[in-house]
Amino acid sequence: MSEYLKTEEGKTYFITFAVVDWIDVFTRECYVNTLLDSIKYCQKEKGLLLYSYCILPRHVHMIAGTENGTLGELLRDLKGFTSRKIIKEITANPQESRREWLLQAFKKAGAVSGQKQKYKFWQHSNHPEELYSDKFINQKERYILMNSIEMGMVSKPEHYRLSSACEESPLKVLPLR
């Protein structure tokens with residue numbers, strides 16, 4: 001990973017991580033729940049500090065930090081676990097109409113990855129951007145909250161359930177300031 005993409009302990013970042021080939025996976029509730037449960041686990045057990053987020057069909061945006069260790073290490077573990085679990089769920093889900101296509105796409109991505117994995121679910125980078133000013137924080141928070149509108153999914157940010165803008169959000173977030 002390039003030096004500029006690494007995260008440092010004690011800092012807060014805007015991050016984005018996406019499914020390989022920008023495949024719509026988080027349109028299925030079972031896969032969304034796996035991701036949500038994993039994020040909750042990281043909040044409770046690994047010190048994930050989550051300030052803002054939006055889970056979209058093919059990618060996730062967050063403003064986050066950690067209580068200990070680096071955000072990069074935590075995200076590596078989160079992505080590794082969710083990747084393995086979601087691949088198992090796809091394989092075992094008789095209702096998954098796209099099963100063969102999804103597994104083939106993840107297998108192809110794994111074959112061409114540097115690690116030569118059987119399957120690759122997530123793109124490699126998290127695109128971390130350190131939050132360094134109030135203006136930059138406001139810009140990134142707005143970007144996260146407006147993403148569901150930009151994608152034509154809802155007309156107001158608070159209507160998108162998988163976002164920190166929603167009162168009934170399944171994830172708890174901390175105040176950003």
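The structure this text deals with has already been given above.
Parameters at a glance
Residues numbered from 1 in each chain as written. Predicted model: local features only at pLDDT ≥ 70, side-chain atom pairs only at ≥ 80, totals over all residues. Heavy atoms only, no water. Helix = DSSP H or I, 4+ residues; strand = E, 2+ residues; numbered from the N terminus. Expected span 1.5 Å × (residues − 1). Buried < 20%, exposed > 50% of the residue type's maximum accessible area, 1.4 Å probe, protein only. Arc of directions from axis to C-beta. Contact = heavy atoms within 4.5 Å. Pairing = 2+ DSSP bridges. Axes fitted to C-alpha atoms, helices over the stretch in contact; angles between N-to-C directions.

**Some words on helix α3 (residues 99–112)**
Here α3 is 14 residues long and its end C-alpha atoms lie 20 Å apart, about the 20 Å a rise of 1.5 Å per residue gives. The complete set of buried residues in α3 reads Leu102, Leu103, Ala105, Phe106, Ala109 and Gly110. Around the axis of α3, the buried residues are gathered within 160° of arc, so they sit on the same side. Turned more than 90 degrees off the buried face of α3, the exposed positions are Glu100, Trp101, Lys108 and Val112.

**What to know about helix α1 (residues 29–45)**
Taking 1.5 Å per residue as the helical rise, α1 with its 17 residues ought to reach 24 Å, and the 24 Å between its terminal C-alpha atoms agrees with that figure. For α1, the complete set of buried residues consists of Tyr31, Val32, Thr34, Leu35, Leu36, Ser38, Ile39 and Cys42. Its buried side turned inward, α1 meets β2 (48–55), β3 (59–66) and α2 (71–92). Among the residues trailing α1, Gly47 stands out with phi positive, at a value near 80°.

**A closer look at the sheet that holds β3**
Ordered by their spatial adjacency, four strands build an open sheet running β2-β3-β1-β4, and the pairing between neighbours is antiparallel. The open sheet has two edge strands, β2 and β4 (129–130), and neither has a second partner. Bridge count between strand β1 (residues 13–18) and β4: two bridges; the pairing is antiparallel. Bridging from a neighbouring strand, Phe14 pairs with Glu129 of β4. On the sheet, α1 packs against β2 and β3 and is oriented at approximately 160° with respect to β2. Contacts between α2 and the sheet are confined to β1, β2 and β3, with β1 contributing the most and set at about 25° to the helix.

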